[in-house]
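If you want the building blocks of each chain, they are given just below.
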Amino acid sequence: MKKIKRVTLPSQGRVIVISDIHGELNLFIKLLQKVNFSSEDHLFINGDLCEKGSNSKGTVRYIMDLTKRNPNVHVTEGNCDTVVEDLLEENPKLMNYIRSRKHSILKEWLDEVGFELKEDTTVQEVKDILTQHFSHEIKWLMELPTAIETDDYIFVHAGLDDCKDWRETDRISAITMPAFMEKSHRTGKYVIVGHWPVVNYASDIPSNNPVVSKDKKIISIDGGNVIKSTGQLNAFIIHRTKNGDSFSKIYTDHHLTCEVVKGYISETIMSGSISYPNYELIPLQPSEHFTLCKQVGTDDLLYVKNEYIHESEKGTYSAKTDLSCAQISVDIGDIISVVDSSCTGYDLIKKNGKEGWVPKDVLPVKQRDSVSVV
Ligand SMILES: [Mn+2]
C-alpha cells in the first residue's frame, strides 16, 4: 500500500475509534454525544463512511467538516468508500450497482442535482455530472490514507498481511480481507480494524461489542451497524495515561430500550448463534417455540426460534438471517434493547451488546409484540 499516514498521539488523553458508519449519520452524531466527544480527544474513523445506510452524502460531508475544523480527527479508507474510484475509472459495472442498490452515495448525489437515470445512461455521463458538482468530496475520499500508524497502534479498515513489513500489504487486501481476527500479523503494535462484524466470530452468546485479542494484538470493532438486524455502532476508546493504555467501549443503535420488569435466569443449554455464511440447518427436534437443529456448516446443535426457520421449495431448511440461539439472564431494572418482540413465547433482546432470548413476561406489556425483524 502507498497511502500511509503517520500520526503522533499525546501520551495522555482519549483516543476514540469508530468504523463502518455506512451512512448512518444520526447514529454517528448520537454516538459522539454519548462519548462526550471534544476537541481534546483524538478521533479515528476507520473506513466505510458511506454506502448501505440512508445518508451517505451527509455522513461524508459531516466528517469532511470535522477534519477541517479539528486536526485531531483522522480518517482511513474502507472498501465501500472506493466507490468514487470506480466512478473515476469508469467501471462499467458501476451502473448496475447504482441501479440495484437501495442506498449509495452516487445515487444520493445524482438525486441532489436532479439527474434522473435513464436506461441508456452511461458511466461516463454519471462521472461527468458528479465530478462537476462534487469534486471536493470525490477528491477528499480518493486521498484518504489506507492505514494510519502511531507509535503503538495501526488503524486499517480490514487487516494486514502477516509479512515482515506490513506496509507491503496490498491495498485492496488491507481494505477487504475477511475475518482478520482469525489471522495474525508481525507489526508489534495493536492493529485496529473494522469491516468484519464481530458477531461473525462465533461465541456462546452473540455480541456486537468490540473484541480485543491481547495475544494477537488485534482489536476488531465493527458492531454490524446496518449490516446486521441486531447491529450497533461502536466507539472503542483508548485511555492513554502515564501508566499505560486502558480500553473501554460505548455503542448506539436504533433499537427501542426498556426496563426489565421480571428477572430471568437463562437455560444454559441454549447458547450459540447462526451467522453468515452458515445458514443451512437440519431440524432434529421441534417444539412449541424453538427447534433443535444441526447447523450444517459447523455441526453445532442449536435451538433455533421457529419463526426464523425457512423451508425452501426443495424441502431444505435455513435460518432467515443471522440469529442468536442463546438465552440470556436479566435482572429487574436492567435497561435492555428490544430487537424482536413479534415471536411467540419469547422476545429477542440485547443487553450490554449481547443478544439473546427471554420469556415475554420479562418486558413491560407495552413493549411486547411491537418490534419485528423477520
Ligand atoms: Mn468494509
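Rules used throughout
Residues numbered from 1 in each chain as written. Predicted model: local features only at pLDDT ≥ 70, side-chain atom pairs only at ≥ 80, totals over all residues. Heavy atoms only, no water. Donors = N, O, S within 2.8 Å, 3.2 Å for Na, K, Ca; no water. Helix = DSSP H or I, 4+ residues; strand = E, 2+ residues; numbered from the N terminus. Buried < 20%, exposed > 50% of the residue type's maximum accessible area, 1.4 Å probe, protein only. Phe/Tyr/Trp six-rings, centres within 6.5 Å; stacked < 30°, edge-to-face > 60°. Pairing = 2+ DSSP bridges. Axes fitted to C-alpha atoms, helices over the stretch in contact; angles between N-to-C directions. Parallel < 35°, antiparallel > 145°, perpendicular 65-115°, else oblique. Left-handed = near helix turned anticlockwise from the far one by under 90°. Contact = heavy atoms within 4.5 Å. Nonpolar A, V, L, I, M, F, W, Y, C, P; charged D, E, K, R; others polar. Salt bridge = Lys/Arg side-chain N within 4 Å of Asp/Glu carboxyl O.

Enquirer: I would appreciate a short explanation of the coordination of the manganese ion in the present structure.
Expert: The expected angle between donors at a tetrahedral four-coordinate metal is 109.5 degrees. At an octahedral six-coordinate metal it is 90 or 180 degrees. Within the protein, the manganese ion binds to Asp-48 (OD), Asn-79 (OD1), His-157 (NE2) and His-195 (ND1); these donor distances fall in the range 2.1 to 2.3 Å. Spacing between the donor residues of the manganese ion along the chain follows D-x30-N-x77-H-x37-H. Here Asp-48, found in the loop between strand S3 (42–46) and helix H2 (56–69), pairs with His-157, found in the loop between strand S6 (153–156) and helix H8 (171–176); they are 109 residues apart in sequence, far enough to count as distant. Comparing Asp-48 with His-157, the two get one shared label, buried.

Enquirer: Would you mind going over the packing of aromatic side chains with me for this structure?
Expert: Two aromatic rings are characterised by how far apart their centres lie and by the angle between their planes. For the structure shown, the criterion picks out eleven aromatic pairs. Look at Phe-28 and Tyr-62: their rings are 6.0 Å apart centre to centre, the planes differ by 85°, and that puts the pair in the edge-to-face class. Of this pair, Phe-28 sits in helix H1 (residues 25–34) while Tyr-62 sits in helix H2, and the two are 34 residues apart along the sequence. With 5.6 Å between their ring centres and 85° between their planes, Tyr-190 and Phe-247 make a pair best called edge-to-face. Linking Tyr-190 in strand S7 (residues 190–193) with Phe-247 in strand S11 (residues 244–252), this pair joins segments that are 57 residues apart in sequence.

Enquirer: Would you mind showing me how to read the sheet that holds S6 here?
Expert: Hydrogen bonds along the backbone pair up the strands of a sheet, which may run parallel or antiparallel. Pairing within the open sheet is mixed, and its six strands lie in the order S1-S5-S6-S7-S9-S8. A strand with exactly one partner marks an edge of an open sheet, and here the two such strands are strand S1 (4–6) and strand S8 (211–213). For this sheet the average axis-to-axis angle between neighbouring strands, irrespective of direction, equals 15°. Across three bridges, the pairing between S6 and S7 is parallel. Bridge pairing in S7 places Ile-154 opposite Val-191.

Enquirer: Looking at this model, I keep getting lost on the packing of helix H5 (residues 105–112) against helix H6 (residues 123–133). Mind explaining?
Expert: Helix packing for two helices is described by the angle between their axes and how far apart those axes are. In contact at an axis separation of 10 Å, H5 and H6 are set at 70° when each is read in the N-to-C sense. As far as their axial angle goes, H6 and H5 are roughly perpendicular. Where H5 crosses over H6, the handedness of that crossing is left-handed. Facing Leu-106, Trp-109 and Leu-110 of H5, the residues of H6 in contact are Val-126, Ile-129 and Leu-130. Across the contact of H5 with H6, the residue classes tally to six nonpolar, no polar and no charged.

Enquirer: Help me out: how do you make sense of the pattern of salt bridges in this one?
Expert: Any two side chains of opposite charge can pair, given that their charged atoms come close. What the rule picks out here adds up to 25 salt bridges. Salt-bridge contacts for Arg-171 lead to Glu-85; the nearest nitrogen and oxygen are separated by 2.8 Å. Of this pair, Arg-171 sits in helix H8 while Glu-85 sits in helix H3 (residues 83–88), and the two are 86 residues apart along the sequence. Since its relative accessible area comes to 17%, Glu-85 is described here as buried. The salt bridge partner of Lys-262 is Asp-361, with a shortest N-O separation of 2.8 Å. Of this pair, Lys-262 sits in the loop between strand S12 (256–259) and strand S13 (273–274) while Asp-361 sits in the segment after strand S22 (354–359), and the two are 99 residues apart along the sequence. Judged by its relative accessible area of 41%, Lys-262 is partly exposed. Judged by its relative accessible area of 33%, Asp-361 is partly exposed. By sharing partners, the salt bridges in this structure join Arg-6, Glu-149, Asp-151, Asp-165, Arg-167 and Lys-189 into a single network.

Enquirer: Is there a simple way to think about unusual backbone geometry in this case?
Expert: Trans is the common state for peptide bonds, and a negative phi is the common state for residues other than glycine. The omega angle of the peptide bond from Tyr-276 to Pro-277 is 0°, so this bond is cis rather than trans. Here Pro-277 shows up in the loop between S13 and strand S14 (280–286). The backbone of Asp-20 sits at a positive phi, close to 50°, despite the residue not being glycine. Within the fold, Asp-20 resides in the loop between strand S2 (13–18) and H1. Since its relative accessible area comes to 1%, Asp-20 is described here as buried. Of note, Asp-299 is a non-glycine position whose phi angle comes to about 65°, a positive value. Relative to the helices and strands, Asp-299 resides in the loop between strand S15 (290–295) and strand S16 (301–305).

Enquirer: Explain the sheet that holds strand S4 (residues 73–76) here, please?
Expert: What the five strands build is an open sheet, ordered S4-S3-S2-S10-S11; its pairing is mixed. Edge positions in the sheet fall to S4 and S11, since each has one partner strand and no second. Taken over all neighbouring pairs, the strand axes of this sheet differ in orientation by 20° on average, direction set aside. Bridge count between strand S10 (residues 233–241) and S11: nine bridges; the pairing is antiparallel. Note that in S11 the partner of Ala-235 across the bridge is Ile-250. Strand contacts of H1: S2, S3, S10 and S11, with the helix running at about 135° to S11, the strand carrying the most contacts. Sheet strands in contact with H2 are S3 and S4, and its direction is about 135° off that of S4.

Such coordinate-based values are descriptive only and should not be taken to indicate function.
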